[in-house]
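What follows is the residue order along each chain.
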Amino acid sequence: MAAHLKKRVYEEFSKVVQLPQEEAPAKKLRLTKPSKSAALHIDLCKASNPTDALQYLLHFARSSVEAESVEGVVRILLEHYYKEQDNSVRLKIASLIGLLSKTQNFNPESILDDTLNTFNTEKSHQVLAQLLDTLLVIGTQLPESLIVRHRLIEVAYKHLSDTYFGVRNKCLQLLGCLGNVDTPLNKDGQGLVPAVIGDAQSLISDYFADQDPRVRTAAIKAMLQLHERGLKIQQTIYDQACQLLCDDYEQVRSAAVQMVWVLSQLYPESIVPIPSSNEQVRLVDDSFGKISHMVSDGSWVVRVQAAKTLGNMLQVSPHFLEQTLDKKLMSDLRRKRTAHERAKELYASGEFSSGRKWADDAPKEKVDTSAVNLIASGACGAFVHGLEDEMYEVRIAAVDALSALAQSSASFAEKCLDFLVDMFNDEIEEVRLQSIHVLRQISTNITLREDQLDTVLAVLEDSSRDIREALHELLCFTNVSTKECIQLALLELLKNLTKYPTDRNSVWKCLKFLGCRHPTLVLPLVPELLSTHPYFHTPEPDMDDPAYIAVLVLVFNAAQSCPTMTALFSDHTFRHYTYLRDSLSHLVPPLRPWYIDHIPQTPESAQLFLQQSLSRISTIHNLQDPGAQDLLNFTIRDLQRLGELQTELAGAADFSATYLRCQLLLTKALQEKLWTMAVPLCLKHNAMATAAAKQMLEETYKLEFLYSGLENRQVATIHHVRLQAKALQLVLTARTRRGVEPLISVCEKFLQEVESFQRLFVVELPHLQESFVGKLLDLSPKLSACKPGELVKILQTTLRQSGFLNLQLPKQVQRASATIIEPTGESDNPLRFTSGLVVALDIDATLEHVQDPHNTVKVQVLYPDGQYHVIQPKPGDFRSPGPHRHRLITQVYLSHSAWTEACQIEVRLLLAYSSSRLCKAVWSDSSTEGLQPAEGATEGTIPFGKPVKVFIMPKPARR
């Protein structure tokens, strides 16, 4: 019983207290990267022979090293450098030190002392050269440190006496990149100037006479490096540079040509004496003569260098310049004897021949041994030698040099015309093409004679399309002298049109400019060209004949500047003019007074109208204001019409109209009726808003990638509209989709895009205060913490209350455009081929204001059954006939199964884009460097240009 009571007592009075368990502190993990230096040390210690060590070093060179680890890695490398006996391993270590010193955010001055200490024990010449190259890398990384530069120059001077040419080359290169030219060198290291500072020019010029040609070349290049750094080279080395033009090695002569040219540009008016005479000439004339002599050098590399250099010497005297076109020495470049000297010689010789010497009175050229030539005889006819050279590279360089000199001198352009025209018959197509381009550049200073024009027109027989089109371009801007020249040019162009029908547009354009430039020469030819007769009616020509259209284009463009020409036209000529004026308005100008046309506006008034239209839009403060939609509609209509009438403002007008169209779509999508009703009751309006948001996104990609010349302000405006469209899509998605999980990911992606916008366009944010993005950024702390439903309500309210963002046009906006010339799409005859096989379709298109067409332009072929192919043209299919213009000439291969009848396929050009590429030039500043948009790589294509339809007929295969 007692035991039982005791148990009850314990049960009643015992109490269990459960203490709260203390939470164990979270373990902190520290992530450490493996030490690069330790891993390298282990690898090098494992190497049993130099080959293994080289393999480890080569593997290490391919890996990246952080800036904070570079110093430790260099010390490990130097530790093994002193232990290593093999020269190749030490050379690789020295190369790695130079490579590591280029690491971003690393100060190479911390390893300079250790690198300099390696020179005390190094005996290998190759390793010394590599160490000097490493010092050069360190010196270029620290251009502002005067002490470092002095120490490196001291090392270079110390090793200039090395017997190995590679060491001397690197020393000279170091002096050229880091040396000065204004401080005298103290070789003894005594006095006021320390040994580390020196006059690099005098030191480098001492090695112009080095025994090794590679060192002489390095010395000249080091001197040129001083010049490129902005240090002025003294004229005293001119004689040494001229002597190097006669060096035995072509590398030396080629570098000496460049050195002589540099001195001629620095001291063009300095007077230099002619050897073995008392005559003096300007330094630029003397150097021109010496470089002209190098056009006849034995090495074609030197000849190319000399010919290119002549084209940059624009300060030469005219008589020196003209001497390069004549192989005989002109009298202007010989020293003239005075009248007293000539009279004295005549008196001493007697008036009559004595007869004692055979033919002593025969006429001869008055040249004696005492005559002094102001230019070397080998330099006479330098361009003649260059244009007749056996190497086509020399001929192209000579043609380019003639172009540069002819553009600066009208008289020289006239004299070199015959030589350039002769180059049209060169055997190399590249030379012929370059000659045509050069003659086009100087065409404003010349007038072709009939014999010259005959030689030029002979090139129209060339099988190369590029040659023929370049010649058409040349004839557009060439002046001819007589009406026979016009007749000859027209006849040859019509032959060209008959032989090559694909040249139709190019020939018509050529005749348009010929008529505009020579109205008075075309006037006497009109009765013959139009086959008119003063008394009899002549038959009406066929308007489908391309040759007749070519003649009319010539005549009508000449009649624009010659009012009396219209009196010679027959009745059917007026009817043909009306037809061509409507169908080929870009080739046929308006003629008055008998043809009434719209009076074109001046560019100034059109520009004013554009600014007034945009200023009216700026009065809109909110997209929901009454009358905002009507004003946007009227303005878009006016801008579209302005772009059609004024081609100069078409880019700006279309850009503005597209932007306003986006704003109009947003205004319609945000109507009050859509947002106050339940979703099932307004499905039609909801679908309309969804389509508007999608169209807005497409328009923003067109605005960004289809127009060139945009500034940072315009790119920010485009991305602002894109964010509005995506916010509208997000709101519509929340209204129609059930579930929270999908909506969370969409909201997170949208917030990332807002953050990306803020980073990319931080400079433009002050101009976006009252806009949609400006209000979102003000609410950014609240947005990141709110739920998806609340975010959707905020976006909906902000979209409706945000102000209208005005568009600021840049100075010049151009719209990318494409015109497909071939195929024309006018033929009803189908292109027949066997099903399952391929047929080639020739594509010829003109591209205007397209950036990087080699990577962005594609060809799309759309078949009647909905299939389509996208073809990427080859880079060689693109030509660049002028600035901002490209020509695409390619072939597209078609294939399909058998059809029962012929159908049309659609051929169009596409412009590919990718939103992940920061391809706009305004994005390349430091504020956006290295940033990528938060959105995924949105890629797509934009159709640009009018499509062409072609009939094809795949036939079943015969069995």
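My aim in this report is to walk through the structure given alongside it, one point at a time. (Residues numbered from 1 in each chain as written. Predicted model: local features only at pLDDT ≥ 70, side-chain atom pairs only at ≥ 80, totals over all residues. Heavy atoms only, no water.)

1. Observations concerning the pattern of salt bridges
Inference 1: Here the structure, examined in full by the defined rule, presents 37 salt bridges.
Inference 2: Between Arg75 and Glu71 there is a salt bridge, with the nearest N and O atoms lying 2.7 Å from each other. Of the two residues, Arg75 and Glu71 are both situated in helix α4 (residues 67-83); the distance of four residues between them amounts to about one turn of the helix.
Inference 3: Under the relative-accessibility criterion, Arg75 is labelled partly exposed at 38%.
Inference 4: Among the salt bridges present, the one from Arg214 reaches Asp212, with a minimum N-O distance of 3.1 Å. (Salt bridge = Lys/Arg side-chain N within 4 Å of Asp/Glu carboxyl O. Helix = DSSP H or I, 4+ residues; strand = E, 2+ residues; numbered from the N terminus. Buried < 20%, exposed > 50% of the residue type's maximum accessible area, 1.4 Å probe, protein only.)

2. Some points on the nonpolar core
Inference 1: Within the largest apolar cluster, 166 residues are counted, with the highest numbers of intra-cluster contacts made by Ile204 and Met259.
Inference 2: Apart from residues no more than four positions distant in its own chain, Met259 is found in contact with Ile220, Met223, Leu224, Ile233, Ile237 and Ala241.
Inference 3: Among the nonpolar cores identified, the runner-up in size contains 97 residues, and Ala652, Ala653, Ala669 and Leu791 belong to it. (Core = buried A, V, L, I, M, F, W, Y, C linked by side-chain atoms within 4.5 Å. Contact = heavy atoms within 4.5 Å.)

3. Describing the sheet that holds strand β13 (residues 885-894)
Inference 1: Taken in spatial order, the four strands of this open sheet run β7-β9-β13-β12, and their pairing is antiparallel. Every interior strand has two partners, whereas the edge strands, β7 (817-822) and β12 (878-882), have only one. Neighbour-to-neighbour, the strand axes of this sheet turn through a mean angle of 30°, independent of strand direction.
Inference 2: Of the pairings in the sheet, the one linking β7 to strand β9 (residues 839-848) comprises five bridges and is antiparallel in character. (Pairing = 2+ DSSP bridges. Axes fitted to C-alpha atoms, helices over the stretch in contact; angles between N-to-C directions.)

4. Considering the packing of helix α5 (residues 87-100) against helix α7 (residues 125-141)
Inference 1: At a minimum axis distance of 8 Å, the contact between α5 and α7 shows a crossing angle of 5°. One element, α5, and the other, α7, form an angle in the roughly parallel class. In contact with Asn87, Arg90, Leu91, Ala94, Ser95, Ile97 and Gly98 of α5, α7 contributes Gln126, Val127, Gln130, Leu131, Thr134 and Val137. (Parallel < 35°, antiparallel > 145°, perpendicular 65-115°, else oblique.)

5. Some points on unusual backbone geometry
Inference 1: Cis geometry marks the peptide bond from Glu822 to Pro823, where omega comes out at 0°.
Inference 2: Here Pro823 shows up in the loop between β7 and β8 (831-834).
Inference 3: Even without being glycine, Ser531 reaches a positive phi, approximately 55°.
Inference 4: Here Ser531 is to be found in the loop between α28 (526-530) and α29 (546-559).
Inference 5: We note that His849 has phi near 60°; this positive angle belongs to a residue other than glycine.
Inference 6: Owing to a relative accessible area of 21%, His849 belongs among the partly exposed residues under this scheme.

6. A short note on the packing of aromatic side chains
Inference 1: All told, the structure shown has 12 aromatic pairs when counted by the stated rule.
Inference 2: Centroid distance Phe477 to Phe513: 5.5 Å. Interplanar angle 40°. Geometry classified as tilted. Of the two residues, Phe477 sits in the loop between α24 (465-476) and β4 (479-480) while Phe513 sits in helix α26 (residues 504-517), which places them 36 residues apart along the sequence.
Inference 3: Since its relative accessible area comes to 21%, Phe477 is described here as partly exposed.
Inference 4: Joined through ring pairs, the aromatic side chains of Phe556, Phe569, Phe574 and Tyr577 make up one cluster.
Inference 5: The ring centre of Phe513 lies 5.5 Å from the NZ or CZ of Lys512, which sits over that ring.
Inference 6: Residue placement shows Arg722 over the ring face of Tyr701; its charged tip is 4.1 Å from the ring centre. (Phe/Tyr/Trp six-rings, centres within 6.5 Å; stacked < 30°, edge-to-face > 60°. Lys NZ or Arg CZ within 6 Å of the ring centre and 35° of its normal.)

7. Some remarks on the pairing of strand β14 (residues 903-914)
Inference 1: With 10 of 12 residues buried, β14 is to be regarded as a mostly interior element.
Inference 2: Here strand β10 (residues 857-862) runs beside β14; their pairing, made up of six bridges, is antiparallel. Within the sheet, the bridge partner assigned to Val859 lies in β14 and is Leu909.
Inference 3: Here β14 pairs with strand β16 (residues 948-955) via five bridges, running antiparallel. Note on β16: the bridge partner recorded for Val907 is Val948.
Inference 4: Across five bridges, the pairing between β14 and strand β15 (residues 939-943) is antiparallel.

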